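# Understanding the architecture of this molecule
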Amino acid sequence: MIEMNEFSRLLLREARKEYQLILGRCNDFGFEYVIQRPPQARICFGSSIERETVPLRGPAVSALMRRRQPELLGENLAPGSHNIGYDAGTPENHPALRKRVSRKGYGPLAAACVRFNFEEVSNSPGVGDYDLVKKQSKAKQMAKPFGSGTDERTKDRSLAYPGVGTYIFKTRKDIRNHSFGGTIKIMPAARTLCKTENFDRCQRCDERPEVDYWKNLRTDRSLCRRCMVKELEDARTCSKHKSDQNKRMDALKEYKRVRHCAYYHRHDKTSAAIQFISNKQLKRKFRLENYLSMFE
């Protein structure tokens, strides 16, 4: 805080009184008293130098401009001030006319030969001038066509290709499990059972199934692929009643396709597993099987 003595206070009071007197006098004369600010100093380097757009002299002209500007080299390029190298009074001495002229005239069409010769005769006759003599050949007797001696009633009239609408249309199954906006899981075509040894046997033929087979995970019963096909055929023809067929088909739907894990790793009679197929090959195999399972 600045300390002020009594003398400095008196000076400030006098200055205020003088300012009020000047302001009141200006108001009496009818104009507003404005304190003018001092001009700002030029603190930027080179701001006071006047610059031209295309200078011809001065410090702004560079060495490249001195070499390239034609005005500085003494050439006058103004309209009507070109340096003409010939006499305008004798136009026949123009440089463009100083060339050899052909005796046959000017231009590309000044030739001595006839331009269009209509007396030229073609070496070949025109269309319609030929004398065509067609030789009369004997009509060849047609041989008996193949199969013409057979009875028409014994021929098969069925079409080689089935007509429209006669195909058995199979819809594609949806193998995706949705979770109401969550992750979508793909249902595998065959479940893999990881065991040390596979002791499952078919309940119909009592043989150990190879590769893929069908198993009821609730009752632990198994069916090989051949027996599963036979069971499906028997279920469709077991009874005339639709209810009996549906009951048997529902029982067969509980069987799921499974396979033993021996196709991609081995246990060697232990609980440890040694994988002998790469994950890339395994993923490609699963992707192909899942795609083909949609059309079963």
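Use the structure listed above.
Let me begin by describing the structure that accompanies this report. These numbers were taken from a predicted model, which means no experiment stands behind them.

### Re the packing of aromatic side chains
Enumeration over the complete set of coordinates arrives at one aromatic pair. Considering the side-chain rings of Tyr263 and Tyr264, the 5.0 Å spacing of their centres and the 55° angle between planes classify their relative orientation as tilted. Considered together, Tyr263 and Tyr264 belong to a single accessibility category, that of buried residues. The ring of Tyr263 carries Arg259 above its face, with NZ or CZ at 5.1 Å from the centroid.

### Here we look at the environment of Glu231
The residue Glu231 is located in helix α3 (residues 225–237) in this model. Judged by relative accessible area, which is 14%, Glu231 ranks as buried. Distance from Glu231 to Leu252, taken between C-alpha atoms, is 8.1 Å for residues 21 residues apart in sequence.

### Points about a positive patch on the surface
Together, Arg9, Arg13, Arg16 and Lys17 line one region of the surface with positive charge. Mapped onto the fold, Arg13 is located in helix α1 (residues 6–29).

### Quick look at the sheet that holds strand β6 (residues 255–260)
With respect to topology, four strands assemble into an open sheet ordered β3-β6-β4-β5, the strand pairing being mixed. For this open sheet the edge positions go to β3 (191–193) and β5 (221–223), each flanked by a neighbour on one side alone. When the angles between neighbouring strand axes are averaged without regard to direction, this sheet yields 45°. When β3 meets β6, the two strands line up parallel, connected through three bridges. Residue Leu193 lies in a different strand from β6, and its bridge partner there is His260.

Thresholds, definitions, all that
Residues numbered from 1 in each chain as written. Predicted model: local features only at pLDDT ≥ 70, side-chain atom pairs only at ≥ 80, totals over all residues. Heavy atoms only, no water. Phe/Tyr/Trp six-rings, centres within 6.5 Å; stacked < 30°, edge-to-face > 60°. Buried < 20%, exposed > 50% of the residue type's maximum accessible area, 1.4 Å probe, protein only. Lys NZ or Arg CZ within 6 Å of the ring centre and 35° of its normal. Helix = DSSP H or I, 4+ residues; strand = E, 2+ residues; numbered from the N terminus. Patch = residues over 30% accessible without salt bridge, like charges linked within 9 Å, V, L, I, M, F, W, Y side chains within 5 Å. Areas by Shrake-Rupley, 256 points an atom, 1.4 Å probe, with all protein chains shown as cover. Salt bridge = Lys/Arg side-chain N within 4 Å of Asp/Glu carboxyl O. Lys, Arg positive; Asp, Glu negative; His and termini not counted. Charge placed at Lys NZ, Arg CZ, Asp CG, Glu CD. Pairing = 2+ DSSP bridges. Axes fitted to C-alpha atoms, helices over the stretch in contact; angles between N-to-C directions.

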